[in-house]
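Single-letter residue listing:
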Amino acid sequence: MAFSFTPVSGFGLVPTAELINRAFADYVVKFQLTEPALWQAARLDSIDFNASCVVNVDGTPAGVALMARRGWTSRVAAMAVVPEFRRQRAGRALMEYVLAEAKQRGERAMVLEVLTSNTPAVRLYESLEFRRVRRLTSYAGPAPSGLLPAPGLAEADLRAVAAALIREEAINWPWQLSGETIAMLTPPHVAYELDGAWVALVNAAGPSVTIRALAVDGPGRRTERAVRLLHAVSGPPPGHRLACERHLAGGPRAVDHRRRAHARRTKPVADGRA
Ligand SMILES: CC(C)(COP(=O)(O)OP(=O)(O)OC[C@H]1O[C@@H](n2cnc3c(N)ncnc32)[C@H](O)[C@@H]1OP(=O)(O)O)[C@@H](O)C(=O)NCCC(=O)NCCS
């Protein structure tokens, strides 16, 4: 059995989307990727189609790794092998290949997120020296009941939310929650500011609003600014729901509906894995 590798930029985005859809067809989270969605991910999440690659088994495309890159760090944004080629070491070969490429580019860390219940992937990553660095949790629940008066509420540029996150230098945010990603969001996503508290919302006009980012500038902490801001932006209609993707500590009514671990290969890629 011979493995070879093709950059996604040479393989083509339509065949890549099809291969990813086949490889994730039995995955717990259902989705259908398209070429426009891949371009969107390239813009928002810094996916690099030259660094992303397809693994071929005896010449047949069998799996894909979508790689994102920022500075010295790369991220495995998606990685999967089609069912008929699983357990033949294609996944391991693909990961070893992208790690070797990252090392050759001079990168120092590789990060990824994985569902803690995904035993095959967790075993694969841990065998390649990825270590758990934090647990990510999503929450969903009803919006706060009752609007509070918020005279200072103003719509803000999404980049202002990004700047508030980036000011938080002590925290190494997960990739998709980082200021760099939030800075790439554009309308119809919206942002609001209230007295040094910032929020970025997705689907703000829909029945289920996603809080994509929430930040309070340092001096304003522990003064309920975030609570006032969330009350101010949630409002009617009744039955409005707020969902928070992967980044908020939950209040008592929050419902944890998915758990993911964030893994980081802390050993610099440049040091090799031996
Ligand atoms: C995770 C996945 C990519 C592994 O691909 P694969 O080609 O089957 O993996 P390999 O044959 O290279 O196995 C590599 C290691 O993974 C682990 N592994 C793979 N399948 C496993 C399984 N069914 N149960 C337990 N461990 C498994 C083992 O540690 C294995 O090492 P070993 O062969 O020395 O025991 C594949 O199962 C897949 O595509 N799953 C669906 C998509 C997915 O979950 N992607 C990851 C999202 S973060």
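Going by the structure above, here's the rest.
To keep things clear, this report deals only with the structure shown in the data block. It should be emphasised that the depicted structure is a prediction, and the values quoted were computed from it without experimental measurement.

Another point: the overall build of the protein. Helix and strand counts for the protein stand at eight helices and twelve strands. Among the 274 residues that make up the protein, the fraction classed as buried is 32%. In the protein, the share of contacts with a sequence separation of at least 24, taken over all contacts with a separation of at least 6, comes to 70%.

Looking now at helix H2 (residues 13-23). Among all positions of H2, only Thr16, Leu19, Ile20 and Ala23 are buried. Buried residues of H2 fall within an arc of 100 degrees about the axis and therefore sit on the same side. In this structure, the buried side of H2 is in contact with helix H1 (8-11), helix H3 (35-45), strand S2 (53-57), strand S3 (60-70) and strand S4 (73-81).

Take the nonpolar core next. The biggest cluster of nonpolar side chains holds 38 residues, and the ones touching the most others in it are Val64, Ala65, Met67 and Val98. Taken together, the elements giving at least two residues each to this core come down to H2, S2, S3, S4, helix H4 (90-105) and strand S5 (109-115). Discounting chain neighbours no more than four positions away, the residues touching valine 64 are Thr16, Leu19, Ile20, Ala23, Val54 and Ala80.

With that settled, consider the environment of glycine 196. Within the secondary structure, glycine 196 sits in the loop between strand S8 (190-194) and strand S9 (197-202). For the pair formed by glycine 196 and leucine 229, sequence separation is 33 residues and the distance between their alpha carbons is 9.8 Å.

For the rest of this paragraph, the subject is the site of the ligand. As a matter of local geometry, the ligand sits amid 21 residues, with Arg86, Gly91, Arg92, Pro120 and Leu124 nearest to it. Secondary structure elements with two or more residues in the shell around the ligand: S4, H4 and helix H5 (119-127). By residue number, the principal contributor to the shell around the ligand is H5, which donates six residues. Across the shell around the ligand, the residue classes break down as eleven nonpolar, five polar and five charged.

Another point: the environment of alanine 204. Among the structural elements, alanine 204 can be located in the loop between S9 and strand S10 (208-216). Separated by 13 residues in the primary sequence, alanine 204 and alanine 191 have C-alpha atoms spaced 9.3 Å apart. When neighbours within four sequence positions are excluded, alanine 204 is seen to be in contact with Val190 and Val209.

What counts, and at which threshold
- Residues numbered from 1 in each chain as written.
- Predicted model: local features only at pLDDT ≥ 70, side-chain atom pairs only at ≥ 80, totals over all residues.
- Helix = DSSP H or I, 4+ residues; strand = E, 2+ residues; numbered from the N terminus.
- Buried ≥ 20, exposed ≤ 12 C-beta atoms within 10 Å, placed from the backbone.
- Contact = placed C-beta atoms within 7 Å.
- Arc of directions from axis to C-beta.
- Core = buried A, V, L, I, M, F, W, Y, C linked by C-beta atoms within 7 Å.
- Near = placed C-beta within 6 Å.
- Nonpolar A, V, L, I, M, F, W, Y, C, P; charged D, E, K, R; others polar.

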